[in-house]
Amino acid sequence: MRRFRSVLTVVGVALALIGLLWIGQGLGYIAWPRSSFMIDQAIWANYGAAVAALGLLLVLVARRIR
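Predicted, not measured: the structure shown is a model, and the values here were computed from it.

Chemist: Break down unusual backbone geometry for me, citing the residues and quoting the values.
Modeler: A cis geometry characterises the amide bond from Trp 32 onward to Pro 33, with omega recorded as -15°. Here the phi dihedral of Asp 40 falls at roughly 60°; this positive angle occurs in a residue that is not glycine. One can find Asp 40 in the loop between helix H1 (2–27) and helix H2 (42–64).

Pasting the structure below:
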């Protein structure tokens, strides 16, 4: 069970960070890479918010596993 908790935590943190990147790109704050189709596209900020929320939910679930 300990390994499962660790995996959930790592996946959750990774999803949260990816979500934050997508939010930044979708809102135009992060212009990396320059040729990204996601820059200044608000829909990607929405997708990023959903992915970040899912990641945080996974981290919370992992913390509650004994």
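Chemist: Provide a residue-level description of the packing of aromatic side chains, including the pertinent values.
Modeler: Per the stated rule, a full pass over the model turns up three aromatic pairs. Residues Trp 22 and Trp 44 carry aromatic rings whose centres are separated by 5.5 Å and whose planes lie at 85° to one another, so their mutual orientation is edge-to-face. In this pair, Trp 22 is assigned in helix H1 and Trp 44 in helix H2, connecting sequence segments 22 residues apart. With a relative accessible area of 24%, Trp 22 lands in the partly exposed category. Taken together, a centroid distance of 5.7 Å and an interplanar angle of 70° make the contact between Phe 37 and Trp 44 edge-to-face. Judged by its relative accessible area of 60%, Phe 37 is exposed. Here the aromatic cluster, defined as three or more aromatic residues joined through ring pairs, consists of Trp 22, Phe 37, Trp 44 and Tyr 47.

Rules behind the numbers
Residues numbered from 1 in each chain as written. Predicted model: local features only at pLDDT ≥ 70, side-chain atom pairs only at ≥ 80, totals over all residues. Heavy atoms only, no water. Helix = DSSP H or I, 4+ residues; strand = E, 2+ residues; numbered from the N terminus. Phe/Tyr/Trp six-rings, centres within 6.5 Å; stacked < 30°, edge-to-face > 60°. Buried < 20%, exposed > 50% of the residue type's maximum accessible area, 1.4 Å probe, protein only.

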